[in-house]
Structures are given as structure tokens and as C-alpha cells.
Amino acid sequence: MEPKMAAADDGRKDGQDSILEPLCFPEQPSLVDSVTQSRRRSCSGVLLCPFCSESTPLPQTDVLLKHLLQQHKLVIADVKLVADLPKYLLYWKGRFMEQPVTDFCSVIRTNSTGPAEKQEDYFLLCDVLPEDRLLRENLQQKRLEEVLEQQQQERDDGSFQRLCMFCSDEFAGNRSSLLNHMAREHSFSIGLPDNIVFCDEFLDTLQGKLDNLQCLYCEKTFRDKTTLKDHMRKKAHRRINANNREYDRFYVINYLELGKTWEEVQSEDDRELVDEDDDWSDWQAHPVSAVCLFCDHQSETMEQIYTHMKAAHDFDLHKLRTELNLGFYQQVKLVNFIRRQIHQNRCYGCQEKFHCRADVLRHVEAEGHVMKLPHVSTWDQPQYYFPTYENDALLCTLSDSDGDERGETNHDEDVPVIAEDISNLRALKRSSVLNQLLRNRSSCS
């Protein structure tokens, strides 16, 4: 279940959760100092040239890309879709120290039909290379984990305090109170609070534009605040410009899928995947293997995986579901929460951090934390709708309800059911309970 590039547990030096540790470069004696120094610079948000000592700050990405093209003839495909460009370049810096660039890149020869002295070879680094694709996917997954963790911290932060951008009301505590106020009272919505991340920075950005007398939608500048407010009210410009890519980083949806923007994710239509002419008569289902929450054991049925987790780890998911009266989606969030905590080498019961999964499991068993869950508000969060592992068959085999398992049926024989056919509406009105109550009231008076 663990991603291939997340198998190592002994590369953690700073205590941070990471799935990129196996991407650490082999520290050959002659390269230790230079690689260590490069790592430090990369972590500080500096873009390092993979071939030389050239470096630029992250905001000047175009400068480094120009340098790579002109000096080293290297082109990085879809560079804007790389989730963490400093780490991406740092990784390839280490690989280019080990092997020549031609082992990884496609070679494009310009002016191939011309004289030899006018021909030049350029190198294309793209995700057609499996190693590059895997690197990009792991950087994307790491970034998503960081974003969801940041969002959780913002939800739990009770020190938030801020004035509304449109009135003098002050809000403290949860950020959602301010966002809901602006949407309800001022018809200004930047989206649902559960979809927002880096909320403080987002609000600072918007406040800065208003302070500079700039309309948030059309982004025109006005001479004073009164004129700006009248413009935004009359033109219904109390909204942000969706085409401004500056805002993309503040929405969780932009971190969900590799190489896709929020517009592409929203525009996807699953109906296009269905071909009416396909014949499914000869299709045979393959058994689905569910994986244990704590180890690599797999079972083909839910009962088998229940039995294994109870026997091997003393964990009873069925008991938790019954005691806590968990619905289907709560079970989904609980499973994803436990999986993520175990993946990050953290005890889900007490949140203590360890160096490897084996240490976590020893701690959970020794301290009796197997069936100990934190407060429901910790794991019953929208972020845990997202599977920790995209091929987690355990999520597909969860039970909908206790009633389904026991075969219970709720017979509400005394509750009348009115059909959608209301052609005899007059007779229905005469026989209605409300009409009878009114008649009784009249007779009593």
C-alpha cells in the first residue's frame, strides 16, 4: 500500500512528515557537502540549476528557465504543473551528477538538415520518463498532504481575529464566521470555508487590493473608497475574478489531481466514459483485496479483514461503528484518518510521532491505544473524504447501516403516503387532517 517512493523510514532528519524521503540522493563522499548545501538552499525556496551553481529566488522562475534553455539546452515540460519546483530541480541535480543527461531526456536536434556547425541538441525533461512521472506524482501528493494539514490547523485555530472588509464588525474564533458573514450580509463569497486554505493570506490579498482602491472583480483602480464601493455594488462586482490565477493556491481543489486545474476537474463528465455500444455480457469481476489498516495483510472479503485486524491487532472496526453509531461517510472518514496517521508514523489515539511504522504499532499496542480514538471533531472532517490511498478497497466494502446487516425493516404503517398523482385534489383537501382539525375547532367554538 505504501507508495514505492515512500518505503524508507530512516531518512527523516527534521521530524517532518514526508513521502519524499527515499528521493534523497546517494551521498557519495565527493558529493556530500555540495548536496547537503543544495538541500538547504532548496528548502529555503531557492531554485537551483541542475547543472551548475546558478540559483534564483522562487518568484523569478522564468529567469532560471531561461538560463537552463540558453546555457544548458534543457527544457522542462509542463513546468507550471510541478507541485514543488525547488525539490524537483534538486532531485534532478542529484541524478545528473550520477548519470549523463541523455539517460533521462529526449534529444531534440535543431536544423537537422543544415550544416553540422549550425545544428544544436536540446534536451526535453518530461513525465514520459517513468522516473519523472513518479517524482511529479509524489511531489503532488506531498503538497496535498501539506495543504490539508494547513487547512486543519486553520480549522482548529481559535486565535483568529479580523475586521470585515466591508463593515466595522469584528470576528474572532473560527474563520468561517467571517466568511459566512461577508456572504450573507454583503453578498461577497469567496467559496465555502471548507474549500479555502491559507485563509489569512487570502484575506490579506483581498484587503490589499481594496486598500489600493482596486475592484476585486474587474481589477480597475478608482480615485477613492466611496467610488470603489459604489462601483462594486452597482456593477455587482462583489466577487473575485475567477480568471486571476493568483487565487488558485487558496482553493483545495487545485491540489487534488496532478496536471489539472480546478476548471478541468469541475468540467469532467463521467458520462463521456460510458460507451453505449460496449457489450459487458462477458465481463467478469475480479476479487477485490482489502488491506489491513496496520500492516500489509490483504483479504478478499470484509469479514476476513475484520477477523485479521481483531486477531492480529486487537482492532474491532465493527465494534467502533456500533458504539459510535457511525454512518457510512463517517466510517469513510475514520478509515482515511487512521490510514493517514499510520502513514505519517503517528499514533491516531494520542498524536505522538515516531520514526517508523513499526514503532507506531508497538506504541499503539503497548499503550492500549488500538481502540482509543480522539474526539470526533478531530477525524470527522471534510478533508478525510479524500482517500489516503486511491485504490483502498476497504472503503468500498464498508457497511451502509446496522439495519442492513440485521435485516431490520422500519414499518411506519401509521404514516400516510400521498402519491404524486393529485388529480383528485379537491377530495384530498376535504379529507385532510388539517381540514378535520379546523372543522372540530369550529364546532367547539
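Residues numbered from 1 in each chain as written. Predicted model: local features only at pLDDT ≥ 70, side-chain atom pairs only at ≥ 80, totals over all residues. Heavy atoms only, no water.

Trainee: Lay out the pattern of salt bridges with the relevant residues and their values.
Mentor: Here the structure, examined in full by the defined rule, presents 24 salt bridges. The partner of Glu-137 in a salt bridge is Arg-133, and the shortest N-O contact between them spans 3.0 Å. In this pair, Glu-137 and Arg-133 both sit in helix 4 (residues 130-156), 4 residues apart, roughly one turn of the helix. Classification of Arg-133 as partly exposed rests on a relative accessible area of 33%. (Salt bridge = Lys/Arg side-chain N within 4 Å of Asp/Glu carboxyl O. Helix = DSSP H or I, 4+ residues; strand = E, 2+ residues; numbered from the N terminus. Buried < 20%, exposed > 50% of the residue type's maximum accessible area, 1.4 Å probe, protein only.)

Trainee: Can you tell me about the sheet that holds strand 3 (residues 74-76), naming the residues and giving the values?
Mentor: The sheet built from 3 strands is open, its strands ordered 3-5-4 with mixed pairing. With partners counted over all chains shown, the strands left at the sheet margins are strand 3 and strand 4 (106-110), one partner each. For this sheet the average axis-to-axis angle between neighbouring strands, irrespective of direction, equals 30°. Alignment of strand 4 against strand 5 (residues 120-125), held across 5 bridges, turns out to be antiparallel. (Pairing = 2+ DSSP bridges. Axes fitted to C-alpha atoms, helices over the stretch in contact; angles between N-to-C directions.)

Trainee: Help me get a handle on the packing of aromatic side chains, residues and values and all.
Mentor: Counted by the stated rule, this structure contains 13 aromatic pairs. A centroid spacing of 5.9 Å and a plane angle of 50° characterise the contact between Phe-96 and Phe-104, whose relative ring orientation is tilted. Note on accessibility: Phe-96 and Phe-104 belong to one class, buried. One aromatic cluster is present, formed by Phe-51, Tyr-91, Trp-92, Phe-96 and Phe-104 through successive ring pairs. The aromatic ring of Phe-166 is capped on one face by Arg-238, whose charged end is 5.0 Å from the ring centroid. Seen from the ring of Tyr-217, Arg-239 lies directly overhead, with NZ or CZ sitting 4.0 Å from the centre. (Phe/Tyr/Trp six-rings, centres within 6.5 Å; stacked < 30°, edge-to-face > 60°. Lys NZ or Arg CZ within 6 Å of the ring centre and 35° of its normal.)

Trainee: Quick rundown of helix 11 (residues 328-343)? Include the residues and the values.
Mentor: If you check helix 11, its first and last C-alpha atoms are 23 Å apart, about what 16 residues at 1.5 Å a residue would give, namely 22 Å. Most of helix 11 sits inside the fold, with 13 of its 16 residues counted as buried. Positive backbone phi, at 60°, marks Asn-345, one or two positions downstream of helix 11. (Expected span 1.5 Å × (residues − 1).)

Trainee: Describe the pairing of strand 5, and please don't skip the residues or the numbers.
Mentor: Pairing geometry for strand 3 and strand 5, over 3 bridges, is parallel. Looking at the pairing, Val-75 lines up with Leu-124 of strand 5.

Trainee: Summarise the nonpolar core; cite the residues concerned and give the values.
Mentor: Counting 29 residues, the largest nonpolar core has Leu-293, Phe-315, Leu-317, Ile-338 and Tyr-348 as its most contacted members. Contributing elements (two or more residues each) for this core: helix 9 (302-313), helix 10 (317-323), helix 11 and helix 12 (357-366). Ranked by residue count, the leading element in this core is helix 11, at 6 residues. Look past the residues within four positions of Leu-317 in its chain and what remains in contact with it is Met-302, Tyr-306, Leu-334, Val-335 and Leu-398. (Core = buried A, V, L, I, M, F, W, Y, C linked by side-chain atoms within 4.5 Å. Contact = heavy atoms within 4.5 Å.)

Trainee: Any chance you could break down the confidence of the model for the protein chain for me, citing the residues and the numbers?
Mentor: Per-residue pLDDT for the protein chain averages 76, and the proportion of residues at 70 or more is 72%. Here residues 1-42 scores under 50 on pLDDT; set against residues more than four positions off or in separate chains, the count is 74 contacts. Here residues 402-422 is a poorly scored stretch, pLDDT under 50, and it has 7 contacts once near neighbours within four places are set aside; other chains count. (pLDDT = per-residue confidence, 0-100.)

Trainee: Outline the packing of helix 5 (residues 175-186) against helix 6 (residues 199-211), supporting the account with residue identities and numerical values.
Mentor: One can describe the packing of helix 5 onto helix 6 by two numbers: an axis separation of 11 Å at closest approach and a directional angle of 40°. Regarding helix 5 and helix 6, the two cross each other, and that crossing is left-handed. Counting all contacts with helix 5, which are made through Arg-175, Leu-178, Leu-179 and Met-182, the residues of helix 6 involved are Cys-199, Asp-200 and Leu-203. Residue composition of the contact of helix 5 with helix 6, grouped by class: 5 nonpolar, no polar and 2 charged. (Left-handed = near helix turned anticlockwise from the far one by under 90°. Nonpolar A, V, L, I, M, F, W, Y, C, P; charged D, E, K, R; others polar.)

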